[in-house]
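Chains, contacts and geometry: an overview
The lines below spell out each chain.
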Amino acid sequence: MKVFTTIAEVPLPTVRRALVPTMGALHEGHLSLVRRAKELGQEVAVSIFVNPTQFGPNEDYLRYPRPLERDLELCEREGVDFVFAPSVEEMYSPSPAKVQVPLVTDEFEGKLRPGHFDGVATVVAKLFGILRPDVAVFGLKDLQQCAVIQKLVNDLNLRVELAFEPTLREDSGLARSSRNVYLSDEERKVSAQIYQSLQKCRLAVLEDRNAEETIQEEISSLEAVGFKVQYLEWIDRSTFHSTRTNKENGAIVFAGYLGNTRLIDNILITA
Ligand code: PAF
């Protein structure tokens, strides 16, 4: 497996190239994306870059885990062809251009983390420009990010196919995330309730019960076990605004803090 740290080293694709963009600290969720990439492309590239422009000033950029050696071993073991792991200086000039994706960034993560999706859209556009993938694989765990990237590709006519893959969960239902390492054993147990609440809300929507009431009940029960809920809401995936009608393209999305750890999760209404 090759490891490139500069843009100049990255070869143009000669076979169908599948890319898995990551910020490292790889876990089973990422590895499932790599396995999907192997099915979709003849060559698999993984990018590992903790992108500073998608972190807010009070977020965890500095303490974000960076176990590069281990990540490279995991990629090697999965049969990845090459890893692109650039420095911040390699990726950003002093006054870099940036990409903004409107509408789907209005609410939720876009509102709570100003500038976050500008950072994501910009780095993803750059990675597509540098690595020229035929197909790129992302996890549905970051559902709003998927909507942003889909709109980025559509609106800028980027010639890359996108594959969005289901969230990998622990036995408890907790979604796999690099940030789970911040959780204590007790917090891990409590976190299992997120998925239970998502499932209850989804069922209420599917069974035409009062979704509003169920959502409020689930917010209360999450708060009762210690969550500071930022949102639990039924959204339309095409606009990423709240909905009370769209089941077909709908999802329930959650974000909240448990102690100092911010967790997000979601469930599609119709999978
Ligand atoms: O999902 C992530 O890990 C990041 O947001 C991404 C897509 C790699 C961009 O930095």
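Okay, so let's go over this structure. (Residues numbered from 1 in each chain as written. Predicted model: local features only at pLDDT ≥ 70, side-chain atom pairs only at ≥ 80, totals over all residues. Heavy atoms only, no water.)

**Some details on the sheet that holds strand β10 (residues 261-268)**
If you walk across this open sheet you meet the 4 strands as β8-β7-β9-β10, and the pairing is antiparallel. In the strand order of this sheet, the two ends are held by β8 (241-242) and β10, each with one partner. Of the strand pairs in this sheet, strand β7 (residues 227-236) and β8 are connected by 2 bridges, and their pairing is antiparallel. Its bridge partner being in β8, isoleucine 235 is matched across the sheet by serine 242. In the packing of helix α7 (residues 185-206) onto the sheet, contacts are made with β7, β9 (250-258) and β10, and the angle to β10 comes to roughly 30 degrees. Along the sheet, helix α8 (residues 211-224) makes contact with β7 and β9, crossing β7 at roughly 160 degrees. (Pairing = 2+ DSSP bridges. Helix = DSSP H or I, 4+ residues; strand = E, 2+ residues; numbered from the N terminus. Contact = heavy atoms within 4.5 Å. Axes fitted to C-alpha atoms, helices over the stretch in contact; angles between N-to-C directions.)

**Concerning the site of the ligand**
With respect to spatial proximity, the complete set of residues near the ligand consists of Pro21, Thr22, Met23, Asn51, Gln54, Val123, Phe138, Asp142 and Gln145. Between the ligand and glutamine 54 there is a distance of 2.6 Å, counted from an oxygen atom to a side-chain nitrogen or oxygen. The side chain of glutamine 145 places a nitrogen or oxygen atom 2.6 Å from an oxygen atom of the ligand. The fraction of the free accessible surface of the ligand (290 Å²) that becomes covered by protein chains is 89%. A breakdown of the residues in the shell around the ligand according to their chemical character gives 4 nonpolar, 4 polar and 1 charged. (Near = heavy atom within 4 Å. Polar contact = N/O pair within 3.5 Å; in protein donor to acceptor, adjacent residues only side chain to side chain. Areas by Shrake-Rupley, 256 points an atom, 1.4 Å probe, with all protein chains shown as cover. Nonpolar A, V, L, I, M, F, W, Y, C, P; charged D, E, K, R; others polar.)

**With respect to helix α6 (residues 143-155)**
Compared with an ideal rise of 1.5 Å per residue, which puts 13 residues at 18 Å, α6 spans 18 Å between its outermost C-alpha atoms and is within 8% of the ideal. Listing the buried residues of α6 in full gives Leu143, Gln144, Gln145, Cys146, Ala147, Val148, Ile149, Leu152 and Val153. Positive phi appears at asparagine 157, one or two residues downstream of α6, with a value of about 55 degrees. (Expected span 1.5 Å × (residues − 1). Buried < 20%, exposed > 50% of the residue type's maximum accessible area, 1.4 Å probe, protein only.)

**Brief notes about the nonpolar core**
In this structure, Phe84, Met91, Val124, Phe128, Leu131, Leu143 and Phe240 are the most contacted members of the largest nonpolar core, which totals 41 residues. For this core, the secondary structure elements donating two or more residues are β4 (82-84), α5 (116-131), β5 (135-139), α6, β7, β9 and β10. Of the residues forming this core, the biggest block, 9 residues, is contributed by α5. Residues in contact with leucine 131, not counting those within four places in the same chain, are Val10, Pro13, Arg17, Leu19, Ser47, Phe82 and Phe84. In terms of nonpolar packing, the next biggest core, distinct from the first, is built from 21 residues, Val205, Ala211, Leu222 and Phe254 among them. (Core = buried A, V, L, I, M, F, W, Y, C linked by side-chain atoms within 4.5 Å.)

**A short note on the pattern of salt bridges**
In the structure shown here, the tally under the stated rule is 18 salt bridges. Between arginine 17 and glutamate 43 there is a salt bridge, with the nearest N and O atoms lying 2.6 Å from each other. Here arginine 17, found in strand β2 (residues 17-22), pairs with glutamate 43, found in strand β3 (residues 43-48); they are 26 residues apart in sequence, far enough to count as distant. Taking the shortest distance from any N to any O, the salt bridge between arginine 35 and glutamate 28 comes out at 3.5 Å. Of the residues examined, arginine 35 reaches a relative accessible area of 37% and is grouped as partly exposed. When salt bridges that share partners are traced, they join Glu28, Arg35 and Glu78 into one network. (Salt bridge = Lys/Arg side-chain N within 4 Å of Asp/Glu carboxyl O.)

**Overview of the sheet that holds β2**
Reading across the sheet, the 6 strands line up as β1-β4-β3-β2-β5-β6 and stay open at both edges, with parallel pairing between neighbours. Of all strands in the sheet, those bounded by a partner on one side alone are β1 (2-4) and β6 (161-165). In this sheet, adjacent strand axes meet at a mean angle of 25 degrees when their direction is disregarded. Where β2 lies against β3, 6 bridges are found, and the strand directions are parallel.

All we've got here are geometric facts, nothing functional implied.
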